[in-house]
Amino acid sequence: MAKRHLTRRQSWRIEKIQTERAARAERRESRLIEELEGGDLGPELTGRIIAHFGVQVDVEGEDGQAQRCHLRANLPVLVTGDRVVWRAGNQGIGVIVAQLPRTSELCRPDARGILKPVAANVDRLVIVFAPLPEPHSNLIDRYLVAAEHAGIQPILLLNKADLIDDSNAERMDSLLSIYNNLGYPLLEVSALNGLSLDRLKETLDGHISVFVGQSGVGKSSLVNALLPGVDTRVGALSEVTGKGTHTTTTARLFHFPGGGDLIDSPGIREFGLGHVSRHDVEAGFIEFADLIGHCRFRDCKHDREPGCAFLAAQEAGRIHPQRIASYRHIIASLPEPEY
Ligand SMILES: Nc1nc2c(ncn2[C@@H]2O[C@H](COP(=O)(O)OP(=O)(O)O)[C@@H](O)[C@H]2O)c(=O)[nH]1
Ligand SMILES: [Mg+2]
Ligand SMILES: [Zn+2]
């Protein structure tokens, strides 16, 4: 066989292949070491975080069993509702090894004003209101903006339907008609006498919901009616750390016996509109979709500018005056942009 003379290019290629082989072997070895180290850990499984305690979480596996797990240091911030990959441990404590992609996240500003996720993969925002305390469309609109911004389907839930009488029926009807005309799903129920709770259960089946709304509208009563025998007030759970036992209040995931899940905590129930931009607010009013970009001035504030598409639509009766008022109110409440 003739002796082969290697060109520089060929020898470079061989060297490259050998380096790649070495790297592959190294990777194999490190995987082996990891496997030996983690020899007590079970196989990788998928699950959902149903409670969060700071450095530990409870994960519910596909079999419905809950398992306390440690969080690996390299993980992103995980919250209740997150889908994860986890491995069972030998001392009753497992390990979360990866976070699976989120379909949505609910965020709120922390004490320093930094937006933090509080729940993941929620797909129904149930906005609760009632004849009493008197409902404010402005508050409902804020929740709708938050829902649109987070990409979560809102459901308007009028509770205390048993309190509707001649004194408030007209007011309630005109409020409901605004949202009915916009195509938002609407339900009228009563936690007190059980009216339409079956329809509510059907609506929640197959989804992860949160209930929001002002204090006194009946959120606790509704949740208690939907989750009989579950004490959702037990939000504070103890956790043993190096510094001793301390308690953390956390959002928890509950299963409705009628199907579907609830993520709940006092903080979530009072959830408001987080930090959003003027653009987010505009996008949160679904009837504005056709108007955005059609004003004469690109930076139109839709206030009194000539050639404003919003004002023209309002004049033509295509936008409800209460919604425009809400929009202005929300915009006025935004912090000044920093530029
Ligand atoms: N009439 C009537 N009262 C209700 C209904 N649901 C709740 N309530 C009452 O409204 C008050 C506030 O309810 P609660 O569940 O604590 O509201 P939350 O602050 O939103 O959690 C309580 O006195 C409840 O008994 C209802 O459907 N009809
Ligand atoms: Mg309550
Ligand atoms: Zn305009």
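The protein is annotated in an unreviewed UniProt entry as Small ribosomal subunit biogenesis GTPase RsgA of Pseudomonas asuensis. Quoted verbatim from the Subcellular location (unreviewed entry) heading of the UniProt record, the comment on the protein is "Cytoplasm".

(A) Representation of the overall build of the protein in the model. Each helix and strand counted, the protein has nine helices and 15 strands in total. Counting every position in the protein, which comprises 339 residues, the buried fraction comes to 41%. Put simply, the protein shows about 19500 Å² of open surface, and 51% of that area lies on carbon and sulfur atoms.

(B) The arrangement of the pairing of strand β9 (residues 153–158) in detail. Buried residues dominate β9, accounting for five of its six residues. Where strand β8 (residues 124–129) lies against β9, six bridges are found, and the strand directions are parallel. Looking at the pairing, I127 lines up with L156 of β9. Where β9 meets strand β10 (residues 186–188), three bridges bridge the pair, whose relative direction is parallel.

(C) Region of interest: empty space enclosed by the protein. Following the criterion strictly, the structure yields two cavities of 30 Å³ or more and no others. The volume enclosed by the largest cavity comes to roughly 60 Å³. Forming the walls of the largest cavity are I127, V128, F129, P135, H136, L139, I140, Y143, G213 and Q214. Of the residues contributing to the lining of the largest cavity, the split by class is seven nonpolar, three polar and no charged.

(D) Here's a closer look at the environment of D280. Along the polypeptide, D280 turns up in helix α7 (residues 278–284). Judged by relative accessible area, which is 18%, D280 ranks as buried. Sequence-wise, D280 and V145 are 135 residues apart; in three dimensions their C-alpha atoms are separated by 7.6 Å.

(E) How the structure looks around the coordination of the zinc ion (ligand 3). Each protein donor to the zinc ion (ligand 3) is listed here as C295 (SG), C300 (SG), H302 (ND1) and C308 (SG); together their distances run 2.1 to 2.4 Å. Sequence spacing of the donors to the zinc ion (ligand 3): C-x4-C-x1-H-x5-C. In this structure C308 comes out as buried when scored by relative accessible area, which is 5%.

(F) Helix α2 (residues 137–150), seen in detail. Counted at 1.5 Å a residue, the expected span for α2 with its 14 residues is 20 Å, and the 20 Å between its end C-alpha atoms agrees. Here α2 lies mainly inside the structure; ten of its 14 residues are buried. Within the sequence span of α2, burial applies to S137, N138, I140, D141, R142, Y143, L144, V145, A146 and A147. G151 occupies a position one or two residues after α2 and carries a positive phi of about 70°.

(G) Layout of the site of ligand 1. With respect to spatial proximity, 15 residues lie near ligand 1, and among them D162, G216, K219, S220 and S221 are the closest. Within the contact set of ligand 1, an oxygen atom lies 3.4 Å away from a backbone nitrogen or oxygen of V217. Protein coverage of the free-state accessible area of ligand 1, which is 580 Å², stands at 68%. Tallied by class, residues from the shell around ligand 1 come to four nonpolar, eight polar and three charged.

Cut-off values and rules
- Residues numbered from 1 in each chain as written.
- Chains lettered and ligands numbered in written order.
- Predicted model: local features only at pLDDT ≥ 70, side-chain atom pairs only at ≥ 80, totals over all residues.
- Heavy atoms only, no water.
- UniProt positions renumbered as here; feature names shortened; annotations may be inferred.
- Helix = DSSP H or I, 4+ residues; strand = E, 2+ residues; numbered from the N terminus.
- Buried < 20%, exposed > 50% of the residue type's maximum accessible area, 1.4 Å probe, protein only.
- Areas by Shrake-Rupley, 256 points an atom, 1.4 Å probe, with all protein chains shown as cover.
- Pairing = 2+ DSSP bridges.
- 1 Å grid on protein atoms, 1.4 Å probe; cavity = no way out; pocket = protein on both sides within 12 Å on 5 of 7 lines; lining within 4 Å.
- Points joined across faces, edges and corners; volume = space filled by probe spheres on them.
- Nonpolar A, V, L, I, M, F, W, Y, C, P; charged D, E, K, R; others polar.
- Donors = N, O, S within 2.8 Å, 3.2 Å for Na, K, Ca; no water.
- Expected span 1.5 Å × (residues − 1).
- Near = heavy atom within 4 Å.
- Polar contact = N/O pair within 3.5 Å; in protein donor to acceptor, adjacent residues only side chain to side chain.

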